[in-house]
Amino acid sequence: MRKHIVAGNWKMNTTVADGVNLAKEVVAAASEVPSSVKLIIAPPFTHLVPVAEVVKGSVVGLSAQNCADKVSGAYTGEVSVDMLVSASCEYTILGHSERRQYYGETDAKLVEKVKLAIAAGLSPIFCVGENLEEREAGRHFDVVAEQVKNVLYTLSAEEMAKVIVAYEPVWAIGTGKTATAEQAQEIHACIRKVLADKFGALADDITILYGGSCKPSNAKELFACPDIDGGLIGGAALKASDFIAIAKSF
Ligand code: 13P
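Along every chain, residues carry numbers that run from 1 in the direction the sequence is written. Whole-chain, interface and lining totals are the exception, using all residues; otherwise, since this is a predicted model, local features are given only for residues with pLDDT of at least 70 and side-chain atom pairs are given and counted only at 80 or more. Values shown for side chains rest on all heavy atoms present in the structure; no hydrogens or waters enter the calculation.

1. Some words on the site of the ligand
Logical step 1: Every residue close to the ligand is listed here: Asn9, Lys11, His96, Glu168, Ala172, Ile173, Gly174, Gly212, Ser213, Leu232, Gly234 and Gly235.
Logical step 2: Throughout this description, a polar contact denotes any pair of N or O atoms lying within 3.5 Å of each other; where both atoms belong to protein, one of them has to be capable of donating a hydrogen while the other can accept it, and for residues adjacent in sequence the pair is counted only when both atoms sit in side chains. Within the backbone of Gly234, a nitrogen or oxygen atom sits 3.0 Å from an oxygen atom of the ligand.
Logical step 3: Accessible areas in this description were obtained via Shrake-Rupley with a 1.4 Å probe; residue shielding takes into account the shown protein chains only. Protein contacts shield 94% of the accessible area of the ligand, which totals 310 Å² for the unbound molecule.
Logical step 4: Class assignment for the residues of the shell around the ligand results in three nonpolar, seven polar and two charged. Near residues are defined by distance, with any heavy atom within 4 Å of the molecule or strand qualifying the residue. The nonpolar class holds Ala, Val, Leu, Ile, Met, Phe, Trp, Tyr, Cys and Pro. Asp, Glu, Lys and Arg form the charged class, and all remaining residues, Gly among them, are polar.

2. Some points on the side chain of Ser249
Logical step 1: Note on conventions: DSSP H or I runs of at least 4 residues are helices, E runs of at least 2 residues are strands, and numbering of each starts at the N terminus. Topologically, Ser249 is positioned in the segment after helix H11 (240-247).
Logical step 2: Classification of residues uses two cut-offs on accessible area relative to the type maximum, computed with a 1.4 Å probe and protein chains only: under 20% is buried, over 50% is exposed, and between them is partly exposed. Overall, Ser249 belongs to the buried group, its relative accessible area being 9%.
Logical step 3: In terms of polar contacts, Ser249 uses its side chain to reach the backbone carbonyl oxygen of Ala245, at 3.0 Å.
Logical step 4: Whether two residues are in contact is decided by their heavy atoms, any of which lying within 4.5 Å being enough. Residues in contact with Ser249, not counting those within four places in the same chain, are Pro216, Ala219, Lys220 and Phe223.

3. Focus on the side chain of His188
Logical step 1: Within the fold, His188 resides in helix H9 (residues 181-199).
Logical step 2: Residue classification places His188 among the buried residues on the basis of a relative accessible area of 0%.
Logical step 3: Excluding residues within four positions of it along the chain, His188 makes contact with Tyr167, Ile208, Leu209, Tyr210, Asp227 and Ile228.

4. Notes on the packing of helix H7 (residues 140-152) against H9
Angle between the axes and distance between the axes: these two values describe a pair of packed helices.
Logical step 1: Geometry is summarised by axes, namely lines fitted to C-alpha atoms with helices restricted to the contacting stretch, and by angles between N-to-C directions that run from 0 to 180 degrees. In contact at an axis separation of 10 Å, H7 and H9 are set at 35 degrees when each is read in the N-to-C sense. Note on packing geometry: the crossing formed by H7 with H9 is right-handed. On H9, the residues touching His140, Phe141, Val144, Ala145, Val148, Lys149 and Leu152 of H7 are Glu186, Ile187, Cys190, Ile191, Val194, Leu195 and Phe199.
Logical step 2: Residues that form the contact of H7 with H9 fall into these classes: eleven nonpolar, one polar and two charged. Crossings are assigned a handedness: left-handed for a near helix turned anticlockwise from the far helix by less than a right angle, right-handed for a clockwise turn.

5. What about the nonpolar core?
Logical step 1: Ile41, Leu152, Met160, Val165, Ile191 and Leu195 are the most contacted members of the largest nonpolar core, which has 76 residues in total.
Logical step 2: With residues near it in sequence (within four places) discarded, Met160 still touches Leu152, Leu155, Val165, Leu195, Phe199, Leu202 and Ile206.
Logical step 3: Of all hydrophobic cores here, the second largest spans twelve residues; its members include Ile40, Ala42, Cys127 and Ala166. Side-chain atoms within 4.5 Å link the members of a nonpolar core, which is a set of buried Ala, Val, Leu, Ile, Met, Phe, Trp, Tyr and Cys residues.

6. Side note on the environment of Lys109
Logical step 1: Structurally, Lys109 can be placed in helix H5 (residues 107-119).
Logical step 2: Between the C-alpha atom of Lys109 and that of Ala68, which follows or precedes it by 41 residues, the distance is 9.1 Å.
Logical step 3: At 3.4 Å, the side chain of Lys109 and the side chain of Asp69 are in polar contact.

7. Observations concerning the sheet that holds strand E3 (residues 60-64)
Logical step 1: DSSP bridges decide pairing: two strands pair if at least two such bridges lie between them. What the eight strands build is a closed barrel, ordered E1-E2-E3-E4-E5-E6-E7-E8; its pairing is parallel. Strand-to-strand twist in this sheet, taken as the mean axis angle between neighbours without regard to direction, amounts to 30 degrees.
Logical step 2: Inspection of the sheet shows strand E6 (residues 164-167) paired to strand E7 (residues 208-211) by three bridges, in the parallel sense. Among the inter-strand pairings, Val165 is bridged to a residue of E7, identified as Ile208.

8. Thoughts on the pairing of strand E2 (residues 37-42)
Logical step 1: By the criterion of burial, E2 is predominantly enclosed, with five of the six residues buried.
Logical step 2: Sheet topology note: the strand E1 (residues 4-9)/E2 ladder contains six bridges and is parallel. Looking at the pairing, Asn9 lines up with Ala42 of E2.
Logical step 3: Seen with the strands pointing away from the viewer, any crossover whose path from the first strand over the helix to the second strand runs clockwise is right-handed. Remark: the E1/helix H1 (residues 16-29)/E2 crossover connection has right-handed handedness.
Logical step 4: In the sheet, E2 pairs with E3 via three bridges, with the strands oriented parallel. In the strand pairing of E3, Ile40 is matched with Gly61.

9. So, the environment of Asn218
Logical step 1: One can find Asn218 in helix H10 (residues 216-223).
Logical step 2: Overall, Asn218 belongs to the buried group, its relative accessible area being 11%.
Logical step 3: Sequence-wise, Asn218 and Ser249 are 31 residues apart; in three dimensions their C-alpha atoms are separated by 8.9 Å.
Logical step 4: Not counting residues up to four positions away in its chain, the partners in contact with Asn218 are Thr178 and Ser213.
Logical step 5: Reaching out from Asn218, the side chain makes a polar contact with the backbone oxygen of Ser213 at a distance of 3.0 Å.

10. Description of the packing of H1 against H11
Logical step 1: Put simply, H1 and H11 touch, their axes get as near as 9 Å, and they point 35 degrees apart. The chirality of how H1 crosses H11 is right-handed. Of the residues in H11, those in contact with Leu22, Glu25, Val26 and Ala29 of H1 are Ala240, Phe243 and Ile244.

See below:
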C-alpha cells in the first residue's frame, strides 16, 4: 500500500524565527491528522537546523527544497546531499517547476541530483508538470510522460522505490486556479502507467502528490481520486491551520 503524504513547500518565505514558529504550530497540531497521513515540511536551507530540533521526535518529516548536483567542493552557493542529511533532512524536493523555469534546471542535472539524493539516503520529491501553453496545445500527457521518463527511467527499481512524485501543473501554481479533480486524476493515472511500463507492479506503491493551489476547500475532492496520494502545498502551507486542514481531508 502506498503512503498518503501532505508536504508543505515553504519556498522562499519566512525568516528563521517565523519558520521555527510555523514548524512548532505544525508539530502541535499534527496529532489531529490521521496517523495514515505523513506530514512533511520543506523550509528554506537556512531554517533546516533549527526546524530539525522542532520536529525531532514528532511525526513531522523534514525536507529540503533542492540540493546540489555535485558531491562536494568548489561550488559556491550550493548545498550538498550530505549537508542535508547532516541537518536531519529525510527528503528533498527536486525539479520543482520554479527551479526548471528560473534556474535552468535540466533533466540531465536532475538525474544527477535524484541519484545523489537517493545514494545519501534521502527520498526525492520529484516534481513534474506542464505549463499553460503545453496544456492548451493538448500536449500535457506527453510533456509529463517525457519528464518522468527522462529522469526516473534512469533509476533502478530499488532507487525508484525511494521516490515520491509530485504532479504540479505550472498554470495552477500560486494562481488560485486548481486543476479539477478529473484533470489531476487523469494525469496521475498516466504517470502511474508510465512508471508501470518500466517498473511494473512497483508503480502501484509509488506515492504521487498533486500540487497547485491546493487548499482546505478543494483537498477533499482531489484526495478522493484513486491515483492522488496527497498534496505538495505551497501558499496554504504557510498557515499551520490550513496545512493541517488539508492533511485532515483524507
Ligand atoms: P501553491 O500551493 O502556492 O499553488 O504552490 C504549489 C507548489 O508549487 C508546491 O510546490
